[in-house]
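# Structural overview for review
Each chain, written out:
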Amino acid sequence: MLKRLFIYVHVFCLPVGMVPAQNKNPGMFRKELSFTTENDDYLLLKRDAYYTNGRIVSLRTSGEKKGGKLIRSFGVGQMIYTPLIRKTASPADIDRPYCGQLFFKYSQIRFPKNEAVLQLSGGITVLGRASLAESLQNSYHKLLKYARFSGWQYQVQNAVGPDMGISYARTVWENSSWIKIIPQVQVNLGTTFINAGIGLYTCLGLFEKNSNSALWNARIQSNEKDDRRDYEFFIYWYPQFIWQGYNATVEGGLLNKGSGAVLGETERRIFQQNIGICYARGRWTTKAVWVYQSKESVSQKRAQQYGSFLLSYRLH
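Right, let's walk through the structure included here. (Residues numbered from 1 in each chain as written. Predicted model: local features only at pLDDT ≥ 70, side-chain atom pairs only at ≥ 80, totals over all residues. Heavy atoms only, no water.)

Here we come to the environment of Asp48. Within the secondary structure layout, Asp48 lies in the loop between strand E1 (31–39) and strand E2 (50–65). Each C-alpha atom of the pair Asp48 and Ile85 lies 8.9 Å from the other, and the pair is 37 residues apart in sequence. For Asp48, the residues in contact, after removing those within four places along its chain, are Asp40, Thr82, Pro83, Arg86, His141 and Phe149. At a separation of 2.2 Å, a polar atom in the side chain of Asp48 contacts the side chain of Thr52. In this structure the side chain of Asp48 is engaged in a polar contact, spanning 3.4 Å, whose partner is the side chain of His141. (Helix = DSSP H or I, 4+ residues; strand = E, 2+ residues; numbered from the N terminus. Contact = heavy atoms within 4.5 Å. Polar contact = N/O pair within 3.5 Å; in protein donor to acceptor, adjacent residues only side chain to side chain.)

Structure representation (structure tokens):
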């Protein structure tokens, strides 16, 4: 329990405490470096299963295209998935496949002049032992003296393939800059994920228009015009319904499943909701999010939930 509390304080409370000391000269920032860490341990529920750990590093730059703001992002990340039962005695103990995922992604966000947000992405995903998930989790658990998962020999086999995605959002209602409603639709196609989703952001607090808001990681700019707030501080709720056509972290690689893995069957309909809090000022942005997601795999014994923390630093 104390170890989990230490991790929680380290990844969230310390970065939040750093923010006020670093915002004396906001200036104009054209680039942003961010780090996201996700783990079910952050919720202090003494559970370690399903989507159990993730790390993402991103670099964003700001520009313009056809009179609208354009943000380009380059990211690399790793995600780790495990079953509910840590001590895997046989394949029957695996209700959700062991899987590691390593990805490299380029994305861009465009902001037309009608408070719309258009996101396009493309990248390469590596599954299996080549993702280094097994070795990282074993090292991490050894360092913190956690028990190891004993079924990695049954993990999803090595596979590599392209993925791409598109999403569109637009503010449909806003009142006095303290509440706004933003529906979003998205589609992902590739060898790792084939899915489509629809959701609705409800934001409460002090926030910017979409093209300058930390909600979309958009507090960087490429010109001298700066009519933004000094800071943003808001909470948001984002329920989402997702249809899954294919999920390679459950079913194995679309083009190459290999042999020896214990695989599952993808659950077609998923409900997910995110409840988050965001604070952004000067160079810094911090976000803390609670994520609940229904079963990804038909054989999964229960739904999953985890905490997500983001820390971003803007550069000239």
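That was the structure; now back to the text.
Let us now look at the pattern of salt bridges. On inspection of all chains with the given rule, the structure shows six salt bridges. Glu32 serves as the salt-bridge partner of Arg314, at 2.7 Å between the closest nitrogen and oxygen. On the criterion of sequence distance, the pair formed by Arg314 in strand E13 (residues 304–315) and Glu32 in strand E1 is long-range, its members being 282 residues apart. On the basis of relative accessible area, Glu32 is assigned to the buried category, the value being 2%. Residue Arg86 pairs with Asp48 through a salt bridge whose shortest N-O separation is 3.6 Å. You can see Arg86 sitting in the loop between strand E3 (68–82) and strand E4 (99–111) and its partner Asp48 sitting in the loop between E1 and E2, a full 38 residues away along the chain. Taken together, the shared-partner salt bridges connect Glu32, Arg60 and Arg314 into one network. (Salt bridge = Lys/Arg side-chain N within 4 Å of Asp/Glu carboxyl O. Buried < 20%, exposed > 50% of the residue type's maximum accessible area, 1.4 Å probe, protein only.)

In this section: the environment of Ser73. With respect to the helices and strands, the residue Ser73 is situated in strand E3. Remark: the alpha-carbon pair of Ser73 and Ile109, spanning 36 residues in sequence, is separated by 8.3 Å. Excluding its chain neighbours within four sequence positions, the residues that come into contact with Ser73 are Ser58, Leu59, Arg60, Lys105, Tyr106 and Ser107.

What follows concerns the pairing of strand E10 (residues 231–247). Inspection of the sheet shows strand E9 (residues 193–206) paired to E10 by twelve bridges, in the antiparallel sense. Among the inter-strand pairings, Cys203 is bridged to a residue of E10, identified as Tyr236. Bridge count for E10 against strand E11 (residues 269–281) is 13 bridges, and the pairing is antiparallel. Note that in E11 the partner of Phe234 across the bridge is Cys278. (Pairing = 2+ DSSP bridges.)

In this structure, Phe111, Tyr201, Leu215, Trp216 and Tyr236 are the most contacted members of the largest nonpolar core, which totals 34 residues. Residues in contact with Trp216, not counting those within four places in the same chain, are Ile109, Phe111, Val117, Gln119, Ala169, Ile182, Gln184, Tyr201 and Asn210. The next biggest cluster of nonpolar side chains, apart from the first, holds eight residues, and it includes Tyr98, Trp152, Tyr154 and Val262. (Core = buried A, V, L, I, M, F, W, Y, C linked by side-chain atoms within 4.5 Å.)

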